[in-house]
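# Structural characterization, general
Listed here are the chains, written in short residue letters.
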Amino acid sequence: MHFLQLLDKVYTFTGSPGLVLPTGAELFGFEFEASGMSSNTQIIYSGGTLGSTKALTANCLVGEYIVTIASTTGFAEGDLVYIDSNATFYSTGEIGEINRVRRVVDSTHLWLDDPVTFNFNTADTAKILKITASRHETIIRDGRITGGNGVATNQYGILLQYADYATLQNLETNSIG
């Protein structure tokens, strides 16, 4: 595990991401300020990645557990997956959700842990992607993140994207998302 303790100094970040945490990191005792950062940026980032896209070959409707794709090669029991489509949700963006593979049923069917909460239709380019999560017990604690001068929209103090098993404790934010 990597330990990073930053005491007695305020660290200012103007770019994104400011700090990318490595596997197994514990960050504590810090004070960060965002100054003049642009939109859609973050000070602390930890996360995984999305794998290649596999199109659904049959609709998967609300409440169903089974996803049908051309080939289940590359998927295994316990995998995190992201299911997505081009359908819009209240005109705010595309719909999508994270789930976990309970079982690979056969060469074209995945059984999910939880039923889907949206309709994923082939007509809306429904697809599934395997998530390679940052599964490394990231711990971020005892710190402060402040938005400085020129705070733009959609700035994030901490962005844990596709992260599994993360712990956040005793954190303070001010003027930042």
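Fair warning: this is a prediction, and the values are worked out from it, not measured in the lab.

Thresholds, definitions, all that
- Residues numbered from 1 in each chain as written.
- Predicted model: local features only at pLDDT ≥ 70, side-chain atom pairs only at ≥ 80, totals over all residues.
- Heavy atoms only, no water.
- Buried < 20%, exposed > 50% of the residue type's maximum accessible area, 1.4 Å probe, protein only.
- Helix = DSSP H or I, 4+ residues; strand = E, 2+ residues; numbered from the N terminus.
- Pairing = 2+ DSSP bridges.
- Phe/Tyr/Trp six-rings, centres within 6.5 Å; stacked < 30°, edge-to-face > 60°.
- Axes fitted to C-alpha atoms, helices over the stretch in contact; angles between N-to-C directions.

### As for the pairing of strand β5 (residues 41-47)
Among the 7 residues of β5, 6 are classified as buried, and the element is accordingly described as predominantly covered. Summarising the sheet, strand β3 (residues 19-20) and β5 pair through 2 bridges and their orientation is parallel. Counted as the bridge partner of L19 is I44 from β5.

### Quick word on the packing of aromatic side chains
The final tally for this structure, using the stated rule, is 2 aromatic pairs. Ring geometry for F30 against F32: centres 4.8 Å apart, planes inclined by 25°, an arrangement best described as stacked. For F30, a relative accessible area of 4% corresponds to the buried category. Residue F32 is classed as buried on the basis of its relative accessible area, which comes to 1%.

### Examining the sheet that holds strand β8 (residues 80-88)
Spatially, β6-β11-β8-β9-β10-β7 is the arrangement adopted by the 6 strands of the open sheet, whose pairing is antiparallel. Of all strands in the sheet, those bounded by a partner on one side alone are β6 (49-55) and β7 (66-68). The mean inter-strand angle of the sheet, taken between neighbouring strand axes irrespective of direction, is 40°. Pairing analysis gives 4 bridges linking strand β9 (residues 94-106) to strand β10 (residues 109-112), with the strands arranged antiparallel. Paired with R103 across the strands is W111, a residue of β10.

### Some details on unusual backbone geometry
One non-glycine residue, D142, lies in the positive phi region at around 55°. Position of D142 relative to the elements: it lies in strand β13 (residues 139-147). By relative accessible area, which is 33% here, D142 ends up partly exposed. The backbone of N170 shows a phi angle near 50°, a positive value even though the residue is not glycine. Within the element layout of this structure, N170 appears in strand β16 (residues 167-174). Relative accessible area serves as the criterion here: at 62%, N170 is assigned to the exposed category.

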